[in-house]
Amino acid sequence: MVHVYNCHPFKSQQIVQVEQEPGLVCCGGGALFVVATGGCKVEVYNLEKEGCPLFCRFATMGTVKSIQHSKIGDYLVTIEEKNNATYLRAYTNWRYQAEEKGRVGVRLLGHLLGGASVWGGVQMEIIEIPMSERPIAVSCCPVTGDLLVGCEKTVVLFTLSRQNQQNLQNQSQQSVQNSLPNSQQSCNPSQGPTSVSHPNLSILDFERSVILHLPKMSLKQVALCGGYVAVNAELEVLVLKLEAASDPAAAEEPLETSKSAAEPPQDQDDFLLIPRHQELLESKAKDCDILVTMEKTGLEDQAQYQFSYILFRRFSPEFFQGCRVEEMQIHSLQLYPLFTSNSLEDPTCVFCFFSLPTAGYLYSLKGGVELLSAYQYPEKVLQAVMSDHLLHVITKNALQCFTVRCSAVAARMEDPYIDTTMKACPPSTLEVCALRIQLFIGLRSVCVYNQRVILLSAADTETQQEPERRCLSRKWTISSPKETSTVGHGWNLYVVDTVHPFTLYQEMVEYSCRYVQTTPQSHSLRHLLSEAHLLLRACLLQTPEQKQSGQGDPAVSSKPGSNGAVDKNSATQANRQELEEALRQNSAQLGDCFSRASQKDCHLALPYYKMSGLTVAEVISRNRPPPEGPSSYGLGFLFYLKLHLLEETEQHLTQEEADEIIYIFSQSEPFLLVSVCASPCMINCSATRTLQILQRLEDTAGVSVPLTIIMAAMALRLGKQQDYTELMERHAEMQLVYGFIEEPRLLLHGGGGGGGGGGGGQHSQVHPTSLARQLANTQPGLLVAAMVALHENCKVQLEQADFVFKELGCENTLLVDFWEAMLMASSQDAVIQELLFRVASVYIDRLTNSINGSGAPKYKSLKGADDLITSCSHYGALYPWLTVLNPTHSTTSEHQEALHKLQSLLCGPSLSVGSIVPLLERLSGETLWGFSLHLLCATRRGQYESSIEQLLDRCPQAIIAYANHQLQDKYMTLWWQKLLPELCKRTRAAADNGILLGALKETLVVVAMETSPAEFLELIPDDGTASYFLPHLLTCSQRHLMA
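Quantities reported herein were computed from a predicted structural model and do not represent experimental measurements.

Conventions adopted
Residues numbered from 1 in each chain as written. Predicted model: local features only at pLDDT ≥ 70, side-chain atom pairs only at ≥ 80, totals over all residues. Heavy atoms only, no water. pLDDT = per-residue confidence, 0-100. Contact = heavy atoms within 4.5 Å. Helix = DSSP H or I, 4+ residues; strand = E, 2+ residues; numbered from the N terminus. Polar contact = N/O pair within 3.5 Å; in protein donor to acceptor, adjacent residues only side chain to side chain. Salt bridge = Lys/Arg side-chain N within 4 Å of Asp/Glu carboxyl O. Buried < 20%, exposed > 50% of the residue type's maximum accessible area, 1.4 Å probe, protein only. Pairing = 2+ DSSP bridges. Axes fitted to C-alpha atoms, helices over the stretch in contact; angles between N-to-C directions.

Draft legend 1. Region of interest: the confidence of the model for the protein. Taken over all residues, the pLDDT of the protein has a mean of 83, while the share at 70 or more is 82%. Across residues 167-199, confidence stays below pLDDT 50; counting only partners more than four residues off in sequence or on other chains, it has 52 contacts. With pLDDT under 50 throughout, residues 256-265 is counted as low confidence; its partners more than four residues away or in other chains account for 7 contacts.

Here it is as structure tokens:
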């Protein structure tokens, strides 16, 4: 569908004073090139000056049949005929013919002759390009300046090269510069790399690089842009991508084609074959029946290429309904690059356009092939040409303009945030629109340079006597034709100036006001504002070069006196600010449209309102229902409010704004009231009014845990402590925890409090709510359980939870309880090891502080040592021998609690002992409880022998309990290898020590049970005390005999 809007794309037109009837016309480099009908002379007119004065003229070597200008290299390429032969020639340095007195050199491709021709950098050169086949069409790459030549079955690529003139003498250079006429500076002298002002003069040349054979296509047109090659026959279009081959062997292998492509059908001479319609994109394009082969150029140092199929389109005859046979062909093939400020050398996007007489098609090639637009013409089109923001087409008697979607594609390539909740842009497949028609008589050709459209008209006798009646749609608005030239001839060459895109944007905005007043929810209003948005995008994406050439800066072009660099820069900056402000206004208008849109598109209100920079209060005021209308709100507006309230921002709404939002949701989506009230933006809402609305919601929808919690929070704000307590006691603690999981912002505001858990991957700070502070004082267990649940459900990070407890002033109390609870709940190894180290450090600090008498105020932990041992696998049961070492009445209960928890951790399976050994050095081993901790560490590290010695030295009464628990399995041999010798040695020195004697007896009982008589006999000392061991030896022997 094509929308039609009565907007004015043209602002003025002028007639170029051409003496002879033009036959061919092209433009580029600030110049208009005109070839007279059947003539051999090119006239160049200055498009940069008012009236387009003649700049220069020069003769060609034959009758010109086709002419093209290349922006890169500033050269012309022609197809000429002479004496029934066709020639391909390139004209370089044509600007030096300003007074028709400059030298002209003629040379063959690749041959740099001596003598006068070495001065090619300062004279016009004609380069003969020999071709083995007759050239039909040519195209110059706007990115590299390369030349593509199309023959009937062959495409040849010539690479542009420059040969520097290092051997020119300074005297010759000076004489050449002095001999140049000053008038050359009047036609955009910056164009062309071979300008005299350039210190390193160079000669342009071409190298034959690639030859592609297409035996099944009869080529009509070719196009080249940045490695993309497009060709078309009468009913077919093929686009290839040429790339340097990474593997030379792969470049030599032809692509596999289907059998139908390789083998032409047989026995079909008696049938008329009608092609079926085909559209093949990207990888599927290679399945077309067009076989392409690549021929080597024979140059050893030539780069190797490989190609891939990008696009294939074949049209069947039904696409040409109403056309004569000679009109049934594709025309206006064009590859169009779009450069932006971020890609001045490599185009951001590349587009392919081609046209039928009744329809045109625009594809995007770079970053994925996609059909952007299909243009349906109201009448037969003769030729079409693209620009950044408009498509210009000519019929026999009219110039028409359509919008294009280039800026929509480029914007998405430039900004990855488009199509998110942050930014939006109209889709690249948005329906196009047609603007006003400008009437002419007998249009023949069209070309575009910047914001100027050049038209060639030539009315024949029949047209002048009886104008053809055209069947135009009534929807089209037609401008009356301007007065033609007073000259009596039947041809004219027009230069039509198009308005700046920003001016066209302003007219579209003005045009949209009538829709706002009559049908504010119409699709046409949204489409028109989207068109205006894309025009602004096109302005903002323009490169500095385009702005300097007058395409993008109305502020600069409208001030002829601003010729200084500073004035231009400041004007450019001011103009960009004007464009950005217009974009914000347009985004606000689009936000208004989508705020009332259907379910499909309502989500776009959010990014457009964000791009507009409007505050929430301004958005609300724009979406208030009219007093006389229904009191309903659009889906897009509600979606914007909902997503805005879900975001964690520091912007607090006023009480009036917050109360209005609560009222809006109570009328539209009451089930979202809990999330709305929990938003940090709503902290200033009226608690009394909000509580009344929530109570009505509870009466209608029933009781729910999150609703009860938010009502309790409102009661707390009002100071109604009793109501708060009653509400919180409605549900069990576990149900309240589930309520906090459902809406974390009841406890936390900040990065971790997003309703969707979006803060799970962030580390931004969070802050406790007033309800969290109340729970810390009255229900600390509920607060700890809720924080653990939020962490386990990825609603808050460990560091964020630490910050919350520290902000609550509970870093030494509830924070430790939280870590202990996390050890019971978490299953992540990294988190467990971190928490084990933290709690062990806290226990050591508490023990140290208790010794120094600087302990924290008394606080009873939520979980005691016994509770942790019972419920947490990381806390192990205390070893039996620790009961002997632990004091009973010599320390405080807080000290005893910390000691038991640390001992339990050391008795457990998870704590890495090596990580806390440096911390334990702060604890002295002089006390029994301190010695027990060091002994536990040594035991956990497998240092049993030294542990036995230390234990016998400090507390021998615990040695048997230690040995019974620790010296088992593979350490059983230590009973007789270490413990028995140590006890024997110590009892000799202290024979009256009953503790050591008792320990010796217990040890001998174990040794007698575990060893053989022979082994036991070897253990008896030879110091005359064998009689003491005989009873145990007898027991060992009896046990052995029984076994």
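Draft legend 2. The arrangement of the environment of His-874 in detail. As for its position among the elements, His-874 is in the loop between helix H25 (865-871) and helix H26 (882-885). When the C-alpha atoms of His-874 and Glu-820 are compared, they prove to be 9.9 Å apart, with 54 residues separating the residues in sequence. In this structure, His-874 is in contact with Leu-823, Ile-832, Leu-836, Ser-904, Leu-905, Gly-908, Pro-909 and Ser-910, ignoring residues within four places of it in sequence. Side-chain polar atoms of His-874 contact the side chain of Ser-910, separated by 2.7 Å.

Draft legend 3. Representation of the pattern of salt bridges within the structure. Within the structure shown, the criterion is met by 32 salt bridges. Across the pair Glu-43 and Arg-57 runs a salt bridge whose closest N-O atoms are separated by 3.4 Å. Of this pair, Glu-43 sits in strand E5 (residues 41-46) while Arg-57 sits in strand E6 (residues 54-59), and the two are 14 residues apart along the sequence. Of the residues examined, Arg-57 reaches a relative accessible area of 18% and is grouped as buried. A salt bridge links Glu-279 to Arg-313; the shortest N-O distance between them is 3.7 Å. Within this pair, whereas Glu-279 is found in strand E19 (residues 278-281), its partner Arg-313 is found in strand E21 (residues 305-314), the two being separated by 34 residues in sequence. Judged by its relative accessible area of 5%, Arg-313 falls in the buried class.

Draft legend 4. Region of interest: unusual backbone geometry. Phi is positive for Ser-332, close to 60°, though the residue is something other than glycine. For Ser-332, the position within the fold is in strand E22 (residues 331-338). Despite not being glycine, Asp-969 has its phi angle at roughly 55°, a positive value. In this fold, Asp-969 is placed in the loop between helix H31 (959-966) and helix H32 (974-989). A residue is classified by how much of its surface remains accessible, and Asp-969, at 71% relative accessible area, is exposed.

Draft legend 5. Highlighting the sheet that holds strand E32 (residues 452-458). Spatially, the 4 strands line up as an open sheet ordered E2-E34-E32-E31, and their pairing is antiparallel. The outermost strands of the open sheet, each flanked by one partner alone, are strand E2 (10-15) and strand E31 (443-449). Going from strand to strand, the sheet's axes swing by 20° on average, the running direction of each strand aside. Note that E2 and strand E34 (residues 491-498) share 5 bridges and pair antiparallel. Residue pairing for E34: Ser-12 is matched across the bridge by Asp-497.

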